[in-house]
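Survey of secondary and tertiary structure
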Amino acid sequence: MASNGPILIIGGGIAGLYARALLAWHGRAVVLAERTMLGDGQTVASQGILHRGVKYALSRKAARAADSLEQSLKAWDDHFAGRGCVDLRDLPVVAPRMHLWTRPGSVSSIMGSLTGMAASLAMKSGVRRLARADFPSSLAPAPEGVSAWEVEERCIDVRALLARLRDVDAGPIVAGAGGGAAELAARFDASAVVLAAGAGNESLLSGLSIDPSPLCQRRPLHMVVMRGAPFDFNGHCLQELSDKPRLTITTSKADGDRVWYIGGDIAERGVDLDEAAQVRAAVSELESCIGWADLRHATWSTLRIDRAEGRSDDGSRPDGPVCRRLRGASMETPAWVVWPTKLALAPALAATLMTSLDDAGVASAPRSTGPTNRDIPVCPLPWASVPASSQAAP
Ligand SMILES: Cc1cc2nc3c(=O)[nH]c(=O)nc-3n(C[C@H](O)[C@H](O)[C@H](O)COP(=O)(O)OP(=O)(O)OC[C@H]3O[C@@H](n4cnc5c(N)ncnc54)[C@H](O)[C@@H]3O)c2cc1C
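Residues numbered from 1 in each chain as written. Predicted model: local features only at pLDDT ≥ 70, side-chain atom pairs only at ≥ 80, totals over all residues. Heavy atoms only, no water.

1. Focus: the overall build of the protein chain
Of the regular secondary structure elements, the protein chain holds twelve helices and 16 strands. Burial status across the protein chain gives 56% buried among its 394 residues. Counting contacts in the protein chain only where the partners sit at least 6 residues apart, residues at least 24 apart contribute 77% of the total. Taken as a whole, the protein chain presents about 16,300 Å² of accessible surface, with 50% of it coming from carbon and sulfur. (Helix = DSSP H or I, 4+ residues; strand = E, 2+ residues; numbered from the N terminus. Buried < 20%, exposed > 50% of the residue type's maximum accessible area, 1.4 Å probe, protein only. Contact = heavy atoms within 4.5 Å. Areas by Shrake-Rupley, 256 points an atom, 1.4 Å probe, with all protein chains shown as cover.)

This is the structure in structure tokens:
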């Protein structure tokens, strides 16, 4: 007989925690099982940018992905205004808006992309070209010919966001929860199981006798961590004819050090490089794109991390979040597997999941007020444990 126990979410990254908050907000009983610490995977390794779609304005294919952002953007805006399933009114932000900038000379075609074919999208994305006099202090020393824009795209403190979602009164979170999905479903007498474990979905699927390969993909990144950064900076360096920024830099603090976390195209192109070669590539890119930054006090390390996603036909980034009902699992409890594709898309993913659970007639128990989960730890930032002097500038 079908259980009417809670919906069990396995995995406490952004996908699992946001879905937990939304399902509870809509009156469902939920329990979340986390193997280690909250966000211990991609979420704490992310750059924390709540994309508004401007980088997607740069290519026709990627413009399709921007459509799936709208629903999520509205949800985030609501939360920052204190509405909806989580109150983010005073969430610490790393930056209230991001900057876009170009290298000298590349502006005309990029402007064409931004304001031509995808003009409406660029407008919707809240992009404002900056006059030279309005350049922020981080871009003020740039040579003539550099253009800059401001984009209404928040960069958030991801650990604070995870803590805020954890603290929503949305049912128990069980940390240190090992075991397969069937075992956990029986333990919690779940009415449905949602696999939201990022890269961990692969082994959870195998444990249910489902071949993960047609469902999952990984796209590796080789990020660069630069301590001793000269100033706060959060922005994308645009390159022509690509929806991928050449560099994306975000700033955080670790042990009093200012840290630039560097991704974008360099992190994709550098996956086959060793750490020293990737650091050299980063120095060269920084000199080319933001040559006025003083790197003399910088120390370096790199971070390898896979983007774990639902499978797309050609192995590229899926157009939106992925939510699949599982068939043929070796347990009776109905099950779903989900990936948000981007942190920013967690609200759209959770809404899709909720509709799918409703359509499947999952009859979970009603929400009840649960214990506080404040003692469940949020995973530290990956570079918090990397010694500041791990590597000198090459
Ligand atoms: C370097 C990098 C930068 C990024 N920057 C951005 C950005 O700026 N903006 C943006 O929108 N997106 C960004 N992304 C994408 C975004 O981070 C991911 O889409 C998102 O964090 C995925 O969340 P998730 O909850 O699916 O997975 P994860 O964050 O990986 O969480 C999975 C959770 O499941 C747990 N788990 C694993 N296995 C099990 C198990 N067997 N049982 C129980 N729990 C388990 C893990 O411990 C973890 O807590 C970035 C990704 C990367 C890699």
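On we go from here.
2. Comments concerning helix 12 (residues 346-359)
In a regular helix each residue adds 1.5 Å, so 14 residues correspond to 20 Å; helix 12 covers 20 Å between its end C-alpha atoms and thus fits that length. Within the sequence span of helix 12, burial applies to A346, P347, A348, L349, A350, A351, L353, M354 and L357. Of the surrounding secondary structure, the elements contacted by the buried residues of helix 12 are strand 1 (7-10), helix 1 (14-25), helix 4 (69-80), strand 9 (192-195), strand 15 (322-325) and strand 16 (335-339). Directly beyond the C-terminal end of helix 12, a positive phi value near 75 degrees is found at G361. (Expected span 1.5 Å × (residues − 1).)

3. Considerations on the site of the ligand
Lining the immediate environment of the ligand, one finds 36 residues, of which E34, Q42, T43, I49 and A344 sit closest. Within the side chain of E34, one N or O atom sits 2.6 Å away from an oxygen atom of the ligand. A distance of 3.2 Å separates an oxygen atom of the ligand from a polar atom in the backbone of G48. When the ligand is considered free in solution it has 1,000 Å² of accessible area, and contact with the protein chains removes 96% of it. Elements supplying a minimum of two residues to the shell around the ligand: helix 1, strand 2 (30-34), helix 2 (42-45), strand 10 (216-227) and strand 14 (299-310). By residue number, the principal contributor to the shell around the ligand is helix 2, which donates three residues. (Near = heavy atom within 4 Å. Polar contact = N/O pair within 3.5 Å; in protein donor to acceptor, adjacent residues only side chain to side chain.)

4. So, the pairing of strand 13 (residues 257-263)
Burial of strand 13 is extensive: five of the seven residues sit out of reach of the surface. As defined by bridge partners, strand 10 adjoins strand 13 across four bridges and the pair is classed as antiparallel. Bridge pairing in strand 13 places M226 opposite W260. Bridge count for strand 12 (residues 247-254) against strand 13 is seven bridges, and the pairing is antiparallel. Counterpart to I249 in the pairing with strand 13 is I262. (Pairing = 2+ DSSP bridges.)

5. Some points on the pattern of salt bridges
For the coordinates displayed, the defined rule picks out 22 salt bridges. The salt bridge involving R269 is made with E285; its shortest N-O contact spans 3.6 Å. Here R269 is found in helix 10 (residues 265-269), whereas its partner E285 is found in helix 11 (residues 275-289), with 16 residues between them in sequence. Given a relative accessible area of 52%, R269 falls into the exposed group. When salt bridges with common partners are traced through the structure, they connect R246, D265, R269 and E285 into a single cluster. (Salt bridge = Lys/Arg side-chain N within 4 Å of Asp/Glu carboxyl O.)

6. Comments concerning helix 11
Taking 1.5 Å as the rise per residue, helix 11 with 15 residues should run 21 Å; its terminal C-alpha atoms sit 21 Å apart, in good agreement. Taken together, the buried positions of helix 11 are occupied by A277, Q278, V279, A282, V283, E285, L286 and C289.

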